Amino acid sequence: MEAISVKEIVEAVGGKLLCGDENTIVTNVCIDSREAKEGTLFVPIIGEKVDAHKFIAQVFVSGAAAVLTSSGEITDVKKPHILVKHTEKALGALSVYYKQRFSIPVVGITGSVGKTSTKEMIAAALGTKYCVLKTAGNQNSNIGVPLTLFRIESQHEIAVIEMGISDFDEMSELADFVHPDTAVVTNIGVAHLAQFKTRENIMAEKLMIAKHFGSEGVLYLNGDNDMLQNAFTCSTVKIEKPQNIHYFGTDPSADFYAENIHIKDGRQCFTFVGGGFTTEISMLQLGLHNVYNAVVALAIAMQYGIAPDIAKAGVESYQGIAMRQQVNHMRDGIKIIDDTYNASPDSIKSGVQVLVSMDNEGRKIACLADVLELGDMSRQCHYDTGKYIAETGIDEVVTVGDMMKELARAIEETNPDIVTHTFDHNEEAAEYIKSIIGKGDALLCKGSRGMHQEEIVQAVKDYLV
């Protein structure tokens, strides 16, 4: 973050300086008291369980320069305390003010699944020419996005910002922060269906990413997604159809598409076609969803003046993210696909697609745990996902959790040739997998973050050392 004065902060957030020097300089913003250091502005967020105002004295000991406060309580009269009505809203307002210092283009990424991997691949493609600022990890919320914007500095030439939502009106707020010039919607699935109730509502909220588009804004939609194919004919969509929409996918009718998709020597290969270019791609990341990621990454690189034969270097060298389809090569040719970071019905299907595509000599085994936050549709979503898996012809499915029993039931009813075993706890599932895994097998582990499937991955890896 580049230096900003307390006086500027007060003006940006519409606050009141209760004490301290308005000329104090801030060079960092944090919401975690443990990250406070010299030059930090601490923004105490009031959460469901903890009011971070209680850590204000602690951050000053750590060297923090100033704090926002909604309580009005003064901890150290020598340090600037800026009174605001709502610290979280003030954080967003300050990020908007700070971003306006820079005139770099911004690419916004959203979708039901695949936001982080798409963001990473777009940043890798753009990084072949530009100095890119990208979202760290998955800081994609109404708190994470402002913290990302504070990381913009003068050397950055373009920003790639991940934007995630879990309820109504959140994307509208994120769009107010980011004002993306270019936006990508990766897909519309059933993530957070408990809140949104219908996929039509999910799509309407996701498309709010383009609410500030003028005549120059460019929106990229996955043309293979059944919802996005006719997005702007849906009655729930609240924004006007942007002037510039590009579709990407695997169908030749799309503006940018992949053809000749195949696995060769453990790499995902395809031919990129679009914008007058035809380019051969061979990348480390497997699966159709990563093909989509690469296609839109190359398309956006072209938009910003990078030819596909140059941008492909970034796409092809992209290593992936921990716990997101990381392939671990173990003894006896056993492969463990660690995709334990999170899950949705759509991402489980993508994970199984990757498992099916693995060039292993033994069995293909999926260990799947409950997908959370599906509300009243949870059992049906799990059952439908099971029916999909039943058609893939993998060898065995091990499940953990109550909802996953519906997935196992669907498999048993649709394709009894696939072996199924259900467990209530990770420890039980891990012990079973260790007892049956053998030479040349490939194991996929995936579930919602709260199911902690990484415990199974670690247990099996330790066993195979």
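Side note on the sheet that holds strand β15 (residues 267-274)
- The strand order across the open sheet formed by 9 strands is β9-β10-β8-β11-β12-β13-β14-β15-β16, and the pairing between neighbours is mixed. One side of each edge strand has no neighbouring strand; the edge strands of this open sheet are β9 (132-134) and β16 (277-283). The mean inter-strand angle of the sheet, taken between neighbouring strand axes irrespective of direction, is 20°.
- Inspection of the sheet shows β15 paired to β16 by 7 bridges, in the antiparallel sense. Looking at β16, one finds that phenylalanine 272 is bridged to threonine 279.

Remarks on empty space enclosed by the protein
- Evaluated as defined, the whole model comprises 1 cavity of 30 Å³ or more.
- Along its surface, the largest cavity is lined by Ser112, Ile165, Ala191, His192, Phe196, Ile202 and Lys206.
- Partitioning the lining of the largest cavity into residue classes produces 4 nonpolar, 2 polar and 1 charged.

Quick look at the nonpolar core
- Counting 84 residues, the largest nonpolar core has Leu41, Ile161, Met203, Leu207, Leu368 and Ile389 as its most contacted members.
- If one sorts the elements of this core by residue count, helix α1 (residues 6-13) sits on top with 5 residues.
- Residue contacts for isoleucine 389: discarding those within four places in its chain leaves Ile348, Val352, Leu368, Ile394, Val397, Leu407, Ile411 and Ile418.
- In this structure, Val107, Tyr220, Val291 and Val315 belong to the second largest nonpolar core, which totals 35 residues.

Side note on the side chain of asparagine 328
- When you line up the elements, asparagine 328 lands in strand β17 (residues 326-329).
- What makes asparagine 328 buried here is its relative accessible area of 18%.
- Here the side chain of asparagine 328 touches glutamine 326 through a polar contact of 3.4 Å, landing on its backbone oxygen.
- A polar contact of 3.4 Å, which involves the side chain of asparagine 328, links it to the side chain of lysine 461.

Parameters and conventions
Residues numbered from 1 in each chain as written. Predicted model: local features only at pLDDT ≥ 70, side-chain atom pairs only at ≥ 80, totals over all residues. Heavy atoms only, no water. Pairing = 2+ DSSP bridges. Helix = DSSP H or I, 4+ residues; strand = E, 2+ residues; numbered from the N terminus. Axes fitted to C-alpha atoms, helices over the stretch in contact; angles between N-to-C directions. 1 Å grid on protein atoms, 1.4 Å probe; cavity = no way out; pocket = protein on both sides within 12 Å on 5 of 7 lines; lining within 4 Å. Points joined across faces, edges and corners; volume = space filled by probe spheres on them. Nonpolar A, V, L, I, M, F, W, Y, C, P; charged D, E, K, R; others polar. Core = buried A, V, L, I, M, F, W, Y, C linked by side-chain atoms within 4.5 Å. Buried < 20%, exposed > 50% of the residue type's maximum accessible area, 1.4 Å probe, protein only. Contact = heavy atoms within 4.5 Å. Polar contact = N/O pair within 3.5 Å; in protein donor to acceptor, adjacent residues only side chain to side chain.

Structural measurements only, silent on function.
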